[in-house]
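Breakdown of the fold
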Amino acid sequence: MSSTFESHLHALQKEVDVLVGVSPDAPLSGLPQWDSLAILLVISHFEHAYKITVTGQEIRQCKTIRELIQLIPQS
Amino acid sequence: MLTTLSHFRLAGLAVSTGSDTRDFIKDGLAHGIGLAHLERVAKTIGLKERKVASPGVTALDLCEDATRRLLAAMDIDVSTIDVIIFVTQTPDHSQPNNACLLHGRLGLAKSSIAFDLSLGCSGWVYGLHQAGLLCAHGGAGRVLLCSGDTLSRLTHPQDSSMDPLFGDAGSAAIVERTGTPTPWYFVLGSDGKLSATIKVPAGGARLPASTETRVESKDSNGNVHHAENLMMDGAEVFNFSLREVPAAINTVIKNAAWQLADVDALVLHQANKFIIENIATKCGLKAAHVPSNLVEKYGNQSSASIPAALIEGLGEKLANRSQKIVGCGFGVGLSWAAFASEIGPVITCPIQPYPLK
C-alpha cells in the first residue's frame, strides 16, 4: 500500500466514524451504520480536504473503502 | 441575479412556532430505532427537540399570531400597511392565497395589496427582496412580510430520514421605506433542473391526491412514505448547498466591498447544524458569529428560520445597534438567495409558541 493511500485512509477514518477499524477491502454494505449520514460525512470530508465534489450516487456505488479512496484524483 | 437596493429598512421581526414539542431521541426509540444510532445522528446533525403545530393550526395562524404581537410591540396601526407578502408552500387553500386571508383577518385597507410567494427555505430572502423593491421603487411605505410552513405534516411518521427534521413556524417582518440610502446587496438564483431533489410529488394539479397517492412503500432502510409526503435527496441537497451558498455569500460580501473580518454575523437558513457549519467553513466565515443551534430547539422551520435566527441568534445586539449581517436562504426549487447589509436596530419579539399553553 502506498503512503498516499495510507494518509487518505487515515484522514477518511478520522472524519467518518463508522469507518474506524474497517479493512479497506471489507464490503461497506456489511456495515450497519453505512447510511445516509455516513455518506454526508464522506462528501463533507472530500469537499474540505481535497476540494472535490462527489455525488451520493458515486459514493453508493463504492463497495469498499478502497473504492471510496479511488474517487480522489491522483495528484 | 445580482442587484443592489436601498432606501428601505428591516424594522421589526417576530416568530411564532407550533406549540407541541417532539423529542428526537424519545420519538426515535418509540419507532424502534437504536439509541446508539439516534445519539450519533443527534450529535452530527444537531437534533434534539422541535416544535410542531397542534391539530388545526396552520402557517397562516402562526404568521397571524407573530404579526399581531409585532404590530403591538411596534405600535403600528394596520391602516398604514400597504402590502402583505406571504411566503409559504403550505397555504390554507389552493385558492385564495394566504396573503388575502391575512388581509381580511387583520382588516387592512382595500388599497393595500396582498400576494403569496410560493417558495420554501430560500423564501424569506426572496420576500425581503420584493418588500425592499416595493418600498424603494413601488410606492409602498410599509410592507408586512410573513413567511412560514407546516412541513412537519408532510413527512411520514415512520420515515426516520425525514420526519425528525422539520418544525412548524410562522414569521412576521415589517419592512419600511426610509430616506437613508443604506445599501442592500442581493444575489438570487434558481436551478430548476434539480427540482426533483426536494419534492412533494402528489397533491397538486399534476398528480391530484387520491387513495393511490397514499399507498405506502418502504425503502431499503426501512423508511415508509407515500407520494403525498415530502421527499428529499439529502446527499444532493448537501452538495447543492456547498456549491451555491458559499458562492452567493462571497459574491454579496465582495459587492459590499467588505472583508470577511468585517462580517458581524452570518445568518443562514437553519437547515441543520452540519450543513451550517460546512457552509461557514467553506466561506471562510467560521470566526464570524454564525447561529447554528436553532434547529435543536425548533427543527427546520423552512422560510421562518432566518427571522428566528436573527431574533434568537443575535438577540440584544440586533435590538440595540446596526450590524453587518450576511444571510442566505436555500432549498426547494432548487432556489437560493443571499443578502449583505448593515441591519438594525430592529424591534424584535421573542420566539413564542402558538397557542400559548
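Presented here is a report on the structure given in the accompanying data block. These numbers were taken from a predicted model, which means no experiment stands behind them. (Residues numbered from 1 in each chain as written. Chains lettered and ligands numbered in written order. Predicted model: local features only at pLDDT ≥ 70, side-chain atom pairs only at ≥ 80, totals over all residues. Heavy atoms only, no water.)

**Observations concerning the overall build of chain A**
Along its length, chain A carries four helices and zero strands. At 11 Å, chain A has a C-alpha radius of gyration in line with the 11 Å of a compact globule built from 75 residues. In terms of overall dimensions, chain A has C-alpha extents of about 30 × 25 × 20 Å along its principal axes. Here the contacts in chain A between residues at least 6 apart in sequence split such that 52% fall between residues at least 24 apart. With an accessible surface of roughly 4,100 Å², chain A has 52% of that area assigned to carbon and sulfur atoms. The distance from the centre of the 5 positive side-chain charges to the centre of the 8 negative ones in chain A is 3 Å. (Helix = DSSP H or I, 4+ residues; strand = E, 2+ residues; numbered from the N terminus. Rg over C-alpha atoms; globule rule 2.2 N^0.38 Å. Contact = heavy atoms within 4.5 Å. Areas by Shrake-Rupley, 256 points an atom, 1.4 Å probe, with all protein chains shown as cover. Lys, Arg positive; Asp, Glu negative; His and termini not counted. Charge placed at Lys NZ, Arg CZ, Asp CG, Glu CD.)

**So, the overall build of chain B**
The helix and strand inventory of chain B stands at 10 helices and 18 strands. Against the 2.2 N^0.38 benchmark of 21 Å for 357 residues, chain B shows a C-alpha radius of gyration of 19 Å, consistent with a compact globule. Seen through its principal axes, chain B has C-alpha atoms that stretch 60 × 45 × 40 Å. Within chain B, the proportion of its 357 residues that are buried is 57%. Sequence separation of 24 or more characterises 79% of the internal contacts of chain B that already satisfy a separation of 6 or more. As presented, chain B carries roughly 14,300 Å² of accessible surface, and 52% of it is formed by carbon and sulfur atoms. Each charge class in chain B can be summarised by its mean position, and for the 30 positive and 33 negative side chains these summaries are 3 Å apart. (Buried < 20%, exposed > 50% of the residue type's maximum accessible area, 1.4 Å probe, protein only.)

**Brief notes about the packing of aromatic side chains**
Residues and elements named next belong to chain B. Enumeration over the complete set of coordinates arrives at seven aromatic pairs over all chains. For the pair Phe238 and Phe274, a centre-to-centre distance of 5.2 Å together with 25° between the ring planes defines the contact as stacked. Of this pair, Phe238 sits in helix H6 (residues 234-255) while Phe274 sits in helix H7 (residues 273-283); the two residues are 36 residues apart in sequence, bridging distant segments of the chain. The pair Phe238 / Phe274 is uniform in exposure class, with both members buried. One aromatic cluster in this structure is built from Phe8, Trp124, Trp184, Phe186 and Phe339. (Phe/Tyr/Trp six-rings, centres within 6.5 Å; stacked < 30°, edge-to-face > 60°.)

**Brief notes about the interface of chain A and chain B**
Counting residues at the interface gives 19 residues for chain A, matched by 16 residues for chain B. Interface of chain A and chain B: buried area, both sides summed, is about 1,400 Å²; carbon and sulfur atoms make up 60% of it. Considering only the surface of chain A that becomes buried against chain B, A:Leu37, A:Leu40 and A:His48 emerge as the three largest contributors, covering 36% of it. In this structure, the connection of chain A to chain B is made through three salt bridges. The closest approach of N and O atoms between B:Lys282 and A:Glu47, which form a salt bridge, is 2.8 Å. Summed over the shared surface of chain A and chain B, the number is seven residue pairs in polar contact (both at pLDDT 80 or more). Of all the secondary structure elements, the ones that give two or more residues to the side of chain A that touches chain B are helix H2 (36-50) and helix H3 (56-61) of chain A. (Buried area = accessible area lost by both parts, 1.4 Å probe. Salt bridge = Lys/Arg side-chain N within 4 Å of Asp/Glu carboxyl O. Polar contact = N/O pair within 3.5 Å; in protein donor to acceptor, adjacent residues only side chain to side chain.)

**Describing the side chain of B:Thr88**
Residue and element names in this part refer to chain B. Structurally, the position occupied by Thr88 is in the loop between strand S5 (83-87) and helix H4 (98-106). According to the relative accessible area criterion, Thr88 is buried, its value standing at 3%. From its side chain, Thr88 meets the backbone nitrogen of Thr90 in a polar contact 3.0 Å long. Engagement of the side chain of Thr88 in a polar contact is seen with the side chain of Asp149, the distance being 3.0 Å. Setting aside chain neighbours within four positions, we find Thr88 in contact with Ala59, Asn98, Asp116, Leu117, Ser118, Leu119, Gly148 and Asp149.

**Observations concerning unusual backbone geometry**
Here the bond from B:Gly333 into B:Leu334 is cis, since omega is -5°, no more than 30 degrees from zero. Structurally, B:Leu334 is set in the loop between strand S15 (323-331) and strand S16 (335-343). Not every positive phi belongs to a glycine, and A:Lys51 is a case in point at roughly 55°. Tracing the backbone shows A:Lys51 in the loop between H2 and H3. Here B:His7, not a glycine, exhibits a phi torsion of approximately 65°, which is positive. The residue B:His7 is located in the loop between strand S1 (2-5) and strand S2 (8-17) in this model.

**Examining H2(A)**
Since the α-helix advances by 3.6 residues per turn, residues separated by three or four positions end up pointing in the same direction. Residue and element names in this part refer to chain A. In this model, H2 (15 residues) spans 21 Å end to end at C-alpha, consistent with the 21 Å of a helix rising 1.5 Å per residue. Of all the 15 residues making up H2, 11 are buried; the element is thus mostly covered by neighbouring parts of the structure. Of the residues making up H2, those classed as buried are Leu37, Ala38, Ile39, Leu40, Leu41, Val42, Ile43, Ser44, His45, Phe46 and Glu47. The positive-phi residue at the C-terminal boundary of H2 is Lys51, with phi of around 55°. (Expected span 1.5 Å × (residues − 1).)

**Some points on the side chain of B:His225**
As for its placement among the helices and strands, B:His225 is situated in strand S12 (residues 224-225). Contacts of B:His225, omitting those with residues within four sequence positions, involve B:His156, B:Asp159, B:Val215, B:Glu216, B:Ser217, B:Asp219 and B:Met231.

**A short note on the nonpolar core**
Ranked by size, the top nonpolar core spans 72 residues in total, and within it A:Leu19, A:Trp34, B:Ile249 and B:Phe330 carry the most contacts. It is H6(B) that provides the largest number of residues to this core, a total of 10 residues. Once residues lying within four places of it in the same chain are set aside, the contact partners of A:Leu19 are A:Leu12, A:Gln13, A:Leu28, A:Leu31, A:Trp34, A:Ile65 and A:Leu68. Counting 44 residues, the second-largest nonpolar core is a separate cluster that includes B:Ala131, B:Cys135, B:Ala140 and B:Leu310. (Core = buried A, V, L, I, M, F, W, Y, C linked by side-chain atoms within 4.5 Å.)

**So, the sheet that holds strand S14 (residues 265-268) of chain B**
Residues and elements named next belong to chain B. With mixed pairing, the five strands of this open sheet are ordered in space as S1-S9-S16-S15-S14. Unpaired on one side and paired on the other, S1 and S14 mark the two borders of the sheet. Taking the axes of each pair of neighbouring strands and ignoring which way they run, one obtains an average angle of 15° across the sheet. (Pairing = 2+ DSSP bridges. Axes fitted to C-alpha atoms, helices over the stretch in contact; angles between N-to-C directions.)

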